[in-house]
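Each chain, letter by letter, is given below.
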Amino acid sequence: MGQYRIQRLNDQLRDEISQLILRGEVKDPRVSTFLSINRVEVTTDLGYAKVYVSSFLPDGQVSKGVDGLNAAAGFIQREIAKKLRIRQFPKLQFIVDAGMKAGFDMVQKLNELEKAEKANEAEKAPENKDEN
């Protein structure tokens, strides 16, 4: 299968899984509608698909949600296979993706440093005016 077609399948699987979660069709109580599907990577032989899941929920809830998605993987595969017409549907593996949350935390830390730097400059500015 060509690389362009695999990328299209990745995007389509991401959209379909997201819709199943948002509509609440996955009945496992561990699966929250706050889970976000970041990306899907299908192997070239269409045997497996890694589905990366993240959320701003606490880490324990995200891992429980991923466990719930792995438990419901057969249901999710069946529901999506009804809509997609491909010869072999990949086996879904859900994986926690901490990259989005780590990036958000890094931005918050940078913002705090910037505020601290501006506060230090503001404290030094009146001292410089008194010297002149």
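Above this text you will find the structure in question.
Nothing here was measured: the structure is a model prediction, and the numbers come from that model.

Chemist: Would you mind going over the overall build of the protein chain in detail, with residue names and values included?
Modeler: The helix and strand inventory of the protein chain stands at four helices and three strands. For the protein chain, the succession of helices and strands along the chain, N to C, is α-β-β-α-α-β-α. Taken against the 2.2 N^0.38 rule, which gives 14 Å for 132 residues, the C-alpha radius of gyration of the protein chain at 22 Å runs more than 25% over that of a compact globule. For the protein chain, the spread of C-alpha atoms along the three principal axes comes to 80 × 35 × 20 Å. Every one of the 132 residues in the protein chain was classed for burial, and the buried ones make up 30%. In the protein chain, once contacts between residues fewer than 6 apart in sequence are set aside, the share between residues at least 24 apart is 66%. Surface exposure of the protein chain reaches about 9,000 Å², of which carbon and sulfur atoms provide 51%. When the 21 positive and 20 negative side-chain charges of the protein chain are each reduced to one mean point, those points stand 14 Å apart.

Chemist: If you had to explain the environment of Leu13 to someone new, which residues and values would you point to?
Modeler: Assignment of secondary structure puts Leu13 in helix α1 (residues 3-22). Linking Leu13 and Ala81, residues 68 residues apart in sequence, is a C-alpha distance of 9.9 Å. Not counting residues up to four positions away in its chain, the partners in contact with Leu13 are Val40, Val42, Ala49, Ile80, Leu84, Phe89 and Pro90.

Chemist: Could you give me a rundown of the packing of aromatic side chains, with the residues and numbers involved?
Modeler: The tally for this structure, following the rule as stated, stands at one aromatic pair. A centroid spacing of 5.1 Å and a plane angle of 65° characterise the contact between Phe56 and Phe104, whose relative ring orientation is edge-to-face. Pair noted here: Phe56 is in the loop between β2 (48-54) and α2 (59-71) and Phe104 is in helix α4 (residues 99-131), with a separation of 48 residues, a long-range link. Owing to a relative accessible area of 40%, Phe104 belongs among the partly exposed residues under this scheme. Taking the ring centre of Tyr52 as reference, the NZ or CZ of Arg39 above it sits at 3.9 Å.

Chemist: Go over the pattern of salt bridges, please, and point to the residues and values.
Modeler: Where charged atoms of side chains with opposite charge meet at close range, the side chains can pair. Enumeration according to the criterion identifies nine salt bridges in this entry. Glu114 is the partner of Lys118 in a salt bridge, and the nearest nitrogen-oxygen pair spans 3.7 Å. With a gap of four residues between them, Lys118 and Glu114 both fall in helix α4, about one helical turn apart. You can call Lys118 exposed: its relative accessible area is 52%.

What counts as what
Residues numbered from 1 in each chain as written. Predicted model: local features only at pLDDT ≥ 70, side-chain atom pairs only at ≥ 80, totals over all residues. Heavy atoms only, no water. Helix = DSSP H or I, 4+ residues; strand = E, 2+ residues; numbered from the N terminus. Rg over C-alpha atoms; globule rule 2.2 N^0.38 Å. Buried < 20%, exposed > 50% of the residue type's maximum accessible area, 1.4 Å probe, protein only. Contact = heavy atoms within 4.5 Å. Areas by Shrake-Rupley, 256 points an atom, 1.4 Å probe, with all protein chains shown as cover. Lys, Arg positive; Asp, Glu negative; His and termini not counted. Charge placed at Lys NZ, Arg CZ, Asp CG, Glu CD. Phe/Tyr/Trp six-rings, centres within 6.5 Å; stacked < 30°, edge-to-face > 60°. Lys NZ or Arg CZ within 6 Å of the ring centre and 35° of its normal. Salt bridge = Lys/Arg side-chain N within 4 Å of Asp/Glu carboxyl O.

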